[in-house]
Amino acid sequence: MCTHPMHAPILAPSLLAGDHANLAASTALVAAAGLTWLHLDIMDGHFVPNLSFGPEVLAALRRAGSKLFFDTHLMLDEPHRYLEPFAKAGASLISIHIEPAYDHPAALARIRTLGCQNGIVLNPGTPAAAIEPLLGLVDLVLVMTVQPGFGGQSFRADMLPKLRQLDQWRTARGLDFRLEVDGGIDLAHAAACRAAGADTFVAGTSFFRAADQPAFAAAIARM
Ligand code: DX5
Ligand code: ZN
């Protein structure tokens, strides 16, 4: 029986829910809440029916002095074409979806060669088995708990068994990738995901709309 210790919980606020006229100020709120991670949602209008922002925004936030861990979630049909620009712009971790067709192991290896951590992402309709062969190659697995494309959607509790499966494989194989959830996460849903094995929690709406962001951050840290 493997007794790999659980990773400490990390809250990664999604800048998608921040103030797009003042992203530096929204980024500063994350640091002021005592957090170390910022989640950046990159959308191409093809893989998801929405557009967000590109590498220049990451570079500008770095120039403005942000030292946060940039957890960069690429919702792109051809993510392998954009790895270098995001790494150069200051990404700390780059996660890419399993659904589009490209050489996934090569792209994951390339992310590490560029000096970043890597992650693989599953849409709600994609089973855990789709990424099982890749689990030994990644620093993070991101389980979408909404259909990606927009903030402010409702959490899908039917993703909890997928988390349990991934957590079980992680333990049984002695792997230590982080297990992240993204979409509709508030404190109660984060707790349910934590019980299912998740250790990294993206929160857009619930963080940026919170009356007391440091208190929300502290509550996640206590889980
Ligand atoms: C959805 C994005 C999420 C989103 C989360 O496509 O990947 O990161 O910003 O926002 P909330 O927490 O509002 O669901
Ligand atoms: Zn995301």
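Cut-offs and rules
- Residues numbered from 1 in each chain as written.
- Chains lettered and ligands numbered in written order.
- Predicted model: local features only at pLDDT ≥ 70, side-chain atom pairs only at ≥ 80, totals over all residues.
- Heavy atoms only, no water.
- Near = heavy atom within 4 Å.
- Polar contact = N/O pair within 3.5 Å; in protein donor to acceptor, adjacent residues only side chain to side chain.
- Areas by Shrake-Rupley, 256 points an atom, 1.4 Å probe, with all protein chains shown as cover.
- Helix = DSSP H or I, 4+ residues; strand = E, 2+ residues; numbered from the N terminus.
- Donors = N, O, S within 2.8 Å, 3.2 Å for Na, K, Ca; no water.
- Tetrahedral: all angles 85-135°; square planar, octahedral: opposite > 155°, others 65-115°.
- Buried < 20%, exposed > 50% of the residue type's maximum accessible area, 1.4 Å probe, protein only.
- Salt bridge = Lys/Arg side-chain N within 4 Å of Asp/Glu carboxyl O.
- Phe/Tyr/Trp six-rings, centres within 6.5 Å; stacked < 30°, edge-to-face > 60°.
- Lys NZ or Arg CZ within 6 Å of the ring centre and 35° of its normal.

Draft legend 1. Molecular detail of the site of ligand 1. Around ligand 1 sit 20 residues, and of these Asp41, Gly149, Asp182, Gly204 and Thr205 come closest. In the environment of ligand 1, an oxygen atom lies 2.4 Å from a nitrogen or oxygen atom belonging to the side chain of threonine 205. For ligand 1, whose free accessible area comes to 380 Å², the fraction covered by protein is 99%. Of all the elements in the fold, those that place two or more residues in the shell around ligand 1 are strand 2 (37–43), strand 3 (69–75) and strand 8 (200–203). Sorting elements by how many residues they give to the shell around ligand 1 places strand 2 first, with three residues.

Draft legend 2. Examining the coordination of the zinc ion (ligand 2) more closely. His39 (NE2), Asp41 (OD), His73 (ND1) and Asp182 (OD) make up the full set of protein donors to the zinc ion (ligand 2), lying at 2.0 to 2.3 Å. Every donor counted, the six donor atoms about the zinc ion (ligand 2) form angles of 67 to 165° at the centre, which fits octahedral coordination. Donor residues for the zinc ion (ligand 2), ordered by position in the chain, follow H-x1-D-x31-H-x108-D. One end of the pair, histidine 39, is in strand 2; the other, histidine 73, is in strand 3, with 34 residues separating them in the sequence. By the burial criterion, histidine 39 is buried, and histidine 73 matches it.

Draft legend 3. Main features of the pattern of salt bridges. One pass over the structure, following the stated rule, counts 10 salt bridges. For glutamate 84, the salt bridge goes to arginine 110, with nearest N and O atoms at 3.1 Å. Separated by 26 residues along the polypeptide, glutamate 84 in helix 3 (residues 83–89) and arginine 110 in helix 4 (residues 104–113) bring together distant segments of the chain. For arginine 110, a relative accessible area of 36% puts it in the partly exposed group. One salt bridge in this structure joins arginine 170 and aspartate 167, with 2.9 Å as the shortest N-O distance. With arginine 170 and aspartate 167 both in helix 5 (residues 160–172) and three residues apart, the pair spans about one turn of that helix. Residue arginine 170 is classed as buried on the basis of its relative accessible area, which comes to 4%. Using a relative accessible area of 22% as the deciding quantity, one classes aspartate 167 as partly exposed. Within this structure, Asp167, Arg170, Arg178 and Asp199 form a network of salt bridges that share partners.

Draft legend 4. Molecular detail of the packing of aromatic side chains. Per the stated rule, a full pass over the model turns up three aromatic pairs. Aromatic pair tryptophan 37 and phenylalanine 69: ring centres 4.3 Å apart, planes at 20°, arrangement stacked. Here tryptophan 37, found in strand 2, pairs with phenylalanine 69, found in strand 3; they are 32 residues apart in sequence, far enough to count as distant. With a centroid separation of 5.0 Å and an interplanar angle of 90°, the aromatic rings of phenylalanine 207 and phenylalanine 208 are classed as edge-to-face. The buried category is assigned to phenylalanine 208, whose relative accessible area is 15%. In this structure an aromatic cluster arises from ring pairing among Phe207, Phe208 and Phe216. When the ring centre of phenylalanine 70 is taken as reference, the NZ or CZ atom of arginine 62 above it lies at 3.5 Å.

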